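# Residue-level structure breakdown
So you can see what is in the structure, the chains are spelled out below.
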Amino acid sequence: MKTPNLFLKIATISLFVFLIAGFVAYRSGVFGEFLSANTIATARPSMMSLGSSPSDSLKQTVKKADSTATSKPNLPGIPESGVIHGMERNMTSSKSGVVFSTKDIEALKKGDTIIISGKKQVVDSAKIRN
Amino acid sequence: MDITNTIEAAGISLLFLVLVFFPMEKVFPARAEQKFFRKHWLLDLCFFLGQYLLWNGFVLWALSYVNFWLSGIIPHDFRNMIASESWWAQAIEVILLSDFLIYWAHRLQHRSAFLWRFHKVHHSAEHLDFLAAHREHPLDTIYTVGIINLPALILGFPLEAIAGFIAFRGIWAIYIHSNVRLPIGPLRMLIGAPELHHWHHDVKRDAGNYANISPIMDIIFGTYTCPDHEPEAFGIKEKLPNNYVGQLLQPVLPTPKDRNVKLANVKLKM
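The end-to-end C-alpha distance of helix α4 (residues 87-111) of chain B is 36 Å, a good match for the 36 Å that 25 residues give at a rise of 1.5 Å each. Three or more residues of α4 of chain B are buried, namely A89, Q90, A91, V94, S98, D99, I102, Y103, A105, H106, Q109 and H110 of chain B.

This paragraph deals with the packing of aromatic side chains. Tallied over the full model, the rule gives 21 aromatic pairs over all chains. Aromatic side chains F47 of chain B and Y244 of chain B sit 4.8 Å apart centroid to centroid with 85° between the ring planes, which places their arrangement in the edge-to-face category. Of this pair, F47 of chain B sits in helix α2 (residues 41-73) while Y244 of chain B sits in helix α11 (residues 244-249), and the two are 197 residues apart along the sequence. Of the two residues, F47 of chain B and Y244 of chain B, both sit in the buried class. An aromatic cluster is defined as three or more aromatic residues linked by ring pairs; in this entry it consists of F16 of chain A together with F21, F22, F36, F37, W41, F130, F168, W172 and Y175 of chain B.

Quick look at the nonpolar core now. Across soluble globular proteins, nonpolar side chains show a tendency to be buried alongside one another. Membership of the largest hydrophobic core comes to 27 residues, with the highest contact counts inside it found for F16 of chain A together with F16, L17, V20, F21 and Y175 of chain B. Counting only elements with at least two residues in this core, the list comes to α1 (6-27) of chain A together with α1 (3-27), α2 and α7 (163-175) of chain B. Residues in contact with F21 of chain B, not counting those within four places in the same chain, are F16 of chain A together with F130, I171, I174, Y175 and S178 of chain B. Grouped together as the second largest cluster of nonpolar side chains are 9 residues, A152, L155, F157 and I162 of chain B included.

What counts and how
- Residues numbered from 1 in each chain as written.
- Chains lettered and ligands numbered in written order.
- Predicted model: local features only at pLDDT ≥ 70, side-chain atom pairs only at ≥ 80, totals over all residues.
- Heavy atoms only, no water.
- Helix = DSSP H or I, 4+ residues; strand = E, 2+ residues; numbered from the N terminus.
- Expected span 1.5 Å × (residues − 1).
- Buried < 20%, exposed > 50% of the residue type's maximum accessible area, 1.4 Å probe, protein only.
- Phe/Tyr/Trp six-rings, centres within 6.5 Å; stacked < 30°, edge-to-face > 60°.
- Core = buried A, V, L, I, M, F, W, Y, C linked by side-chain atoms within 4.5 Å.
- Contact = heavy atoms within 4.5 Å.

Printed below as a string of structure tokens:
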């Protein structure tokens with residue numbers, strides 16, 4: 001095989017670094033913030049897969065039912081901003097204790113009350129991005 | 001999730017990987033004689049598509065289920081204690097614990113006959129490149145992904161906080177399988193490199209370099225190896241079908257040895 005010249009080597013490394021940096025930025029949500037104020041991109045915590053795109057994830061914005069609560073929600077996968085990710089969609093209802101399916105989440109409306117890991121929350125808006 | 005979106009995501013991911021790795025493998029090849037469309041590339045493409053179109057959802061569901069189950073049994077006081085720590089301390093704890101667990105879990109995959117049945121599918125690749133990185137039995141993926149994420153799930157650490165780091169490690173994990181030799185000096189002891197992981201895929205099963213990403217655990221536990229040349233051959237000594245369905249089924253089907261033991265038991269009962 002013919003040895004590639006220096007220019008080609010530098011161009012290839014630049015492309016590699018540029019694309020990986022772009023991918024990391026994309027998966028960490030930098031682009032997502034430009035696209036929508038209500039959603040953030042997530043990186044799936046798999047090490048072998050690029051995974052589904054952020055737009056595939058189920059995203060809902062909720063706000064705390066108790067406006068006086070000031071402590072951190074401290075729920076895995078649910079940051080302080082109150083964004084619930086697709087991975088965290090297993091929620092139990094306060095009455096029956098059943099696990100919500102994706103279909104149930106799609107049916108959620110503004111004002112509905114849900115219990116997530118023991119904390120009462122009111123749905124502010126719920127939508128699935130396609 | 002819409003099937004169209006899934007197919008679109010798989011197509012874009014494949015295009016992205018080709019854009020990133022094709023030039024790298026051409027300009028900095030570890031094995032210059034290896035072609036892009038090498039033997040069994042179609043099989044690895046099946047694994048890639050299977051992972052994106054079929055198994056990712058299943059793995060995500062399993063992980064979500066474990067997370068839900070853990071949320072119920074982990075005391076809130078414990079999680080509050082962890083949450084009271086600074087963000088960077090939590091991140092370091094999660095990353096180190098994750099690396100520690102996956103290192104030993106990976107060694108166990110090579111030691112335990114049961115786990116090796118599934119893990120050998122990944123090691124059966126005789127040609128390494130970015131596509132071969134995706135050759136993995138779905139149950140092996142659940143095991144690996146579950147263990148990697150276990151510390152974060154137990155401690156209640158939101159992985160979104162280190163999304164950029166996870167994304168980098170995700171693509172680096174594919175890079176270390178690629179047919180690239182581009183030494184990065186001592187940095188490889190921190191983030192890993194193809195020349196290290198290629199030795200892990202040496203046809204001799206226990207060559208070392210078990211850490212999936214950062215070789216720190218290999219250095220600590222004495223399994224770090226970095227010869228200045230490529231291994232002679234990749235793959236495994238055992239026979240495995242050369243088709244997708246065969247590779248998925250073989251680990252879950254009883255081996256002739258298992259059948260013989262069962263027959264012997266039946267005869268003894270008679």
